[in-house]
Amino acid sequence: MNTLIKNVSALLPDGEVKQGDIAIEGNLIKSVGSVAEDFKPDKVIDGSGKFAVPGFVNAHTHASMTLLRSHADDMALMEWLQDKIWPVEDKMTEDDLYWGAMLAAVEMIRSGTTAFADMYGPYVDGIARATIDSGLRGILARGIVAVAPGAYEKLEDSVRLYKTYHGAENGRITVMLSPHALYTCPPEFIKALADKAKALGAEVHIHMSETEGEVKDCLKNYGKRPFAHVESTGLFENGTLAAHCVHLDDEDIGIIKKYNIRVAHNPGSNLKLASGIAPVQRLLDEGICVGLGTDGASSNNNLDMLEEVRLAALIGKVQTMDPQAVPAFSAIQMGTEFGARAVGLKDVGRLEAGCKADLVLYSTEGPEWHPRYNLVSLLAYSANSGSVDTVLVDGKLLMEKKQLLTIDEEKVFFEVDRCAKHLMND
Ligand code: NI
């Protein structure tokens, strides 16, 4: 399937906006700007009045936690997890995880997200099925809480998931291994997981240094700060996506650089759970790859990456008391190109020839898009995701003119309400 987007404003990797056409051949961008005369499209999209941007990469989420949205708010992280989240999660079936992930998919597509790095369980097959059905790009992982029973069976299941889904759907699905966090996984378990990851060639996804309490407890229990402690298990030798990284000192940053650890910054979740503000401008200055994530929909409470872009830019400024910190284009890069790199995707997150055709067309008709001095500024600081009009992943249309093409939205809402009933009542 070849697609031609005509007469569109396209955001280039260097931050410039170019007026022209975008040719998509199969799942790849063939050209941006001018198009070869012999290019034969099967489908032509009128891009006039539209802003073409790489699709957002949600670098850290728990998609099926949409099922817990608004169930419990305004609580501290550990109390919230132990009293409100884990007891309901224990009841979740594969069917629940499928419909939760489908609800997330509706929300992600409608808000311009084309890829998501997920950490959840136990039934990742349900999440994989939702990824296949929705057409989104998924970087899936079974998050293992090893202090609960059956940790090593969960690890074996993670190996099975890797062998089953890594590279599936023409590379649209990849798989990571995931110890949930150092406070839910003893070091000997993290070491066992690191060994499995190494044997498979798999990368890892873990929560790191989210709260001050986590750092204090780690020092108390292991005599080391979180990064030094996890380094001693060998986990970081596999290629690591570390979510949060709020509480960092120079030693932590040194370890992040040493292993090229990629950071998923989750400003909305960090604010809501009062975890703190990650030193994002410092990380960018150090050359560390920082992507953006929403975290789960029950600590955010939505999956809207444009909100994370804006929050990252705003709290990056207040954290440094410098209005030049985390400028608009840097925040958009964190949501797109850097996020793609953070989750281990090559050739994703940039509108240029040879990259995967994962892109979003924003309608610039609304008042928040006028006057149009600077489309990058308008996207980061003024627009909302209601102006997402058309979404393609891997060259395939998932939404056109706000109509979802792969998902029956009404059925998803009906099934999610059914799942929520049984989770809260059984
Ligand atoms: Ni998380």
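All values derive from a computational prediction rather than experimental measurement.

Caption draft 1: Up close: the overall build of the chain. Secondary structure summary: the chain contains 16 helices and 17 strands in total. What you see for the chain is a C-alpha radius of gyration of 21 Å, in line with the 22 Å of a compact globule of 426 residues. Relative to its 426 residues, the chain shows a buried fraction of 62%. Taking the intrachain contacts of the chain between residues at least 6 apart in sequence as the baseline, contacts between residues at least 24 apart amount to 72%. Carbon together with sulfur atoms contributes 50% to the accessible area of the chain, which is approximately 16,000 Å² in total.

Caption draft 2: Inspection of the pairing of strand β2 (residues 17-25) at higher detail. Examined bridge by bridge, strand β1 (residues 2-11) and β2 share eight bridges and lie antiparallel to one another. Following the sheet pairing, L11 is matched in β2 by V17. Hairpin connection of β1 to β2: five residues between the antiparallel strands, including G15 at a positive phi of 95°. One ladder, built from five bridges, connects β2 with strand β3 (residues 28-33); its direction is antiparallel. Across the sheet, the residue bridging to D21 is G33, located in β3. In textbook terms, the turn of a hairpin is the stretch between consecutive antiparallel strands, and for β2 and β3 this stretch comprises two residues, one of which, G26, has a positive phi near 65°.

Caption draft 3: Here's a closer look at the packing of helix α13 (residues 328-335) against helix α15 (residues 375-382). Contact pair α13 / α15: the axes reach a minimum separation of 9 Å and the direction vectors enclose 70°. Considering the angle they form, α13 stands roughly perpendicular to α15. Where α13 approaches α15, its residues A328, F329 and I332 are matched on the opposing element by V376, S377, L379, A380 and Y381.

Caption draft 4: Structural detail: helix α7 (residues 212-222). Restricting attention to buried positions, one finds in α7 the residues E214, V215 and C218. Down the axis of α7, the smallest arc covering the buried residues is 100°, so these residues share one side. α7 presents K216 and K220 as exposed residues on the side facing more than 90 degrees away from its buried surface. Once α7 finishes, G223 follows within two positions and takes phi at roughly 70°, a positive value.

Caption draft 5: Summary view of the coordination of the nickel ion. Of the protein atoms, only H60 (NE2), H62 (NE2), H207 (NE2) and D295 (OD) coordinate the nickel ion, at distances of 2.1 to 2.2 Å. For the nickel ion, the single-chain donor residues occur in sequence as H-x1-H-x144-H-x87-D. Here H62, found in the loop between β6 (56-61) and α1 (77-89), pairs with H207, found in strand β10 (residues 204-208); they are 145 residues apart in sequence, far enough to count as distant. Judged by its relative accessible area of 7%, H62 is buried.

Caption draft 6: The arrangement of the layout of surface pockets in detail. Within this model, the largest pocket holds a volume of roughly 680 Å³. Along the wall of the largest pocket there are 30 residues; nearest its centre are W86, E89, G143, V145 and H180. Secondary structure elements with two or more residues in the lining of the largest pocket: α1 and β8 (137-144). Looking at the lining of the largest pocket element by element, the count peaks at six residues for α1.

Caption draft 7: Fine view of the nonpolar core. Residues W80, M208, F227, M334 and Y362 are the most contacted members of the largest nonpolar core, which totals 130 residues. Among the elements that make up this core, the one with the highest residue count is helix α2 (residues 94-110) (11 residues). Structurally, this core is a two-domain feature, drawing no fewer than three residues from each of domain 1 (2-54 + 355-404) and domain 2 (56-342). Aside from chain neighbours lying at most four places away, what touches M334 is H265, V280, L284, V290, G291, L292, A312, V326 and G339. Of all hydrophobic cores here, the second largest spans 17 residues; its members include V8, A10, L12 and L397.

Caption draft 8: Quick look at the pattern of salt bridges. Within this structure, the stated rule accounts for 28 salt bridges. One network of salt bridges, in which partners are shared, links D95, K411, E415 and R418.

Caption draft 9: A look at the domain arrangement of the chain. Considered domain by domain, the chain is made up of domain 1 (2-54 + 355-404) and domain 2 (56-342). Placing a centre on the C-alpha atoms of domain 1 and another on those of domain 2 gives a separation of 28 Å. Listed as interface residues are 30 residues of domain 1 and, on the opposing side, 29 residues of domain 2. Summed over both partners, the interface of domain 1 with domain 2 comes to about 2,200 Å²; 62% of that surface belongs to carbon and sulfur atoms. Seen at the junction of domain 1 and domain 2, the total is nine residue pairs in polar contact (both at pLDDT 80 or more). If you list the elements that add at least two residues to the side of domain 1 that touches domain 2, you get β14 (359-363), α15, β15 (388-393) and β16 (396-400). Of all the elements, α15 adds the most residues to the side of domain 1 that touches domain 2, at six residues. Taken together, the residues that form the side of domain 1 that touches domain 2 break down as 19 nonpolar, six polar and five charged.

Criteria and thresholds
- Residues numbered from 1 in each chain as written.
- Predicted model: local features only at pLDDT ≥ 70, side-chain atom pairs only at ≥ 80, totals over all residues.
- Heavy atoms only, no water.
- Helix = DSSP H or I, 4+ residues; strand = E, 2+ residues; numbered from the N terminus.
- Rg over C-alpha atoms; globule rule 2.2 N^0.38 Å.
- Buried < 20%, exposed > 50% of the residue type's maximum accessible area, 1.4 Å probe, protein only.
- Contact = heavy atoms within 4.5 Å.
- Areas by Shrake-Rupley, 256 points an atom, 1.4 Å probe, with all protein chains shown as cover.
- Pairing = 2+ DSSP bridges.
- Axes fitted to C-alpha atoms, helices over the stretch in contact; angles between N-to-C directions.
- Parallel < 35°, antiparallel > 145°, perpendicular 65-115°, else oblique.
- Arc of directions from axis to C-beta.
- Donors = N, O, S within 2.8 Å, 3.2 Å for Na, K, Ca; no water.
- 1 Å grid on protein atoms, 1.4 Å probe; cavity = no way out; pocket = protein on both sides within 12 Å on 5 of 7 lines; lining within 4 Å.
- Points joined across faces, edges and corners; volume = space filled by probe spheres on them.
- Core = buried A, V, L, I, M, F, W, Y, C linked by side-chain atoms within 4.5 Å.
- Domains from an automatic or database assignment.
- Salt bridge = Lys/Arg side-chain N within 4 Å of Asp/Glu carboxyl O.
- Buried area = accessible area lost by both parts, 1.4 Å probe.
- Polar contact = N/O pair within 3.5 Å; in protein donor to acceptor, adjacent residues only side chain to side chain.
- Nonpolar A, V, L, I, M, F, W, Y, C, P; charged D, E, K, R; others polar.

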